Amino acid sequence: MAIYFNTNLPETSGLLYFDRTTNKINEILQRLETGYRINSGKDDPTGLIKREGLRLEMKGLQSAINNSIAGQNMISVAEKAMGGIASLLTGDPTDSQDTGIIGLLNSKDAGAIANGINQLANTIDAISRTTIYNGKQIINGAYDYNTTVTGALTNVKVTSANVTEGKPTEFSFKVDQVAEKAGVEIVDKISIAQNNYNIITLTDNNGKTVNVELTNSGSTGKDYSAVEIADEIKSALASNSGIDLEIDESTLFLTTKTKGEDQKLTISTVDQNGNNVDLSGVFKAITSSTNGYVVDSTNKIITATGQDWKLSGIEGTVVMDDNKINVYSNSINFSGELDDNVADNDE
């Protein structure tokens, strides 16, 4: 028995076109429903990749916006708290006037004002403890820079720094020369003729002077040893506490009280006739700087000058004051103190 298969080609072709039209209509309806031209990879593979990249970027930008809003909120909370502290510190003008005359009041009134000041300080401490954002204290100093210091720096305080992705910022420099005081060492005696005297005038960097008189009332010449000269200078300085000079109790070093090239010690001497006396052999420079010790041969005046710290490997503006250092640069701003005993060491 023969089997025959009949194919209706027009019908098959019609079904194919019907399916294509249906798929096209569904695609159009999906685009209308979602509002997106690209709903799957088959719509536009390249466009889909770009779209997903833009979506990720949008999420990042939205996170940044949210972080910015959170930061603004935190700053607003901190600002309100700091404003409250500022109001407490300024307060009533009469309060500040009262604190300025405590020494003129009786003990009861002065005690009441002192108690008020203590209460004010306690209130400020309480504000700093209780100002909290997102469960964390924000004005109690907990978010200060964490510093790790090796070398000669102490009491380091960082005021600003450029930190990348939470990584530590390293900063180093070399100490090429330590700061020194202006000063001299007493190394020899001074001879005074009979019934005569010498007056040594010591001048500090502020121009304040003190006179040291070496007197010989005897009938023969007298030598003042280095130790005796030091004792006379100690006595004179003790009665002139405002002068910026000092002499060590255990040595024969006469120096300024602070360090730096702006510190100066001037020594001049006259005899009983008012003539200048050259005592350059009696005093010796203690500063390593080449300009640390100068003698004016005409007026016999000795000038000792201090020296500043010299640093290398450091960028920006460096401000030195005795042992204190302030550095202002693009990467970091900080202050600290340099150890006296460090020279030619890496920080």
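Criteria and cut-off values
- Residues numbered from 1 in each chain as written.
- Predicted model: local features only at pLDDT ≥ 70, side-chain atom pairs only at ≥ 80, totals over all residues.
- Heavy atoms only, no water.
- Pairing = 2+ DSSP bridges.
- Helix = DSSP H or I, 4+ residues; strand = E, 2+ residues; numbered from the N terminus.
- Axes fitted to C-alpha atoms, helices over the stretch in contact; angles between N-to-C directions.
- Expected span 1.5 Å × (residues − 1).
- Buried < 20%, exposed > 50% of the residue type's maximum accessible area, 1.4 Å probe, protein only.
- Arc of directions from axis to C-beta.
- Contact = heavy atoms within 4.5 Å.

### Considering the sheet that holds strand β3 (residues 153-161)
Strand-to-strand pairing in sheets goes through backbone hydrogen bonds, with the strands running parallel or antiparallel.
So, step 1. Ordered by their spatial adjacency, four strands build an open sheet running β3-β19-β18-β17, and the pairing between neighbours is antiparallel. Edge positions in the open sheet fall to β3 and β17 (317-321), since each of these has one partner strand only. Taken pair by pair, the neighbouring strands of this sheet meet at an average axis angle of 10 degrees, ignoring direction.
So, step 2. Pairing analysis gives five bridges linking β17 to strand β18 (residues 324-328), with the strands arranged antiparallel. Within the sheet, the bridge partner assigned to Val318 lies in β18 and is Val327.

### Considerations on helix α5 (residues 226-238)
So, step 1. The end-to-end C-alpha separation of α5 is 18 Å, in line with the 18 Å expected for 13 residues at 1.5 Å each.
So, step 2. Those residues of α5 lying buried are Ala226, Ile229, Ala230, Ile233, Lys234, Ala236 and Leu237. Taken end-on, α5 shows its buried residues confined to a sector of 165 degrees, consistent with a single buried face.

### Re the sheet that holds strand β8 (residues 209-216)
So, step 1. The strand order β8-β7-β12-β15-β14 describes an open sheet built from five strands, whose pairing is antiparallel. Strand pairing shows two members of the sheet lacking a second neighbour, β8 and β14 (293-296), which therefore form its edges. The average undirected angle you get between the axes of adjacent strands in this sheet is 15 degrees.
So, step 2. In terms of strand pairing, β14 meets strand β15 (residues 301-305) through four bridges, oriented antiparallel. When the sheet's bridge partners are listed, Val294 is paired in β15 with Thr303.
So, step 3. Contacting β7 (196-203) and β8, α5 runs over the sheet at an angle of about 135 degrees to β8.

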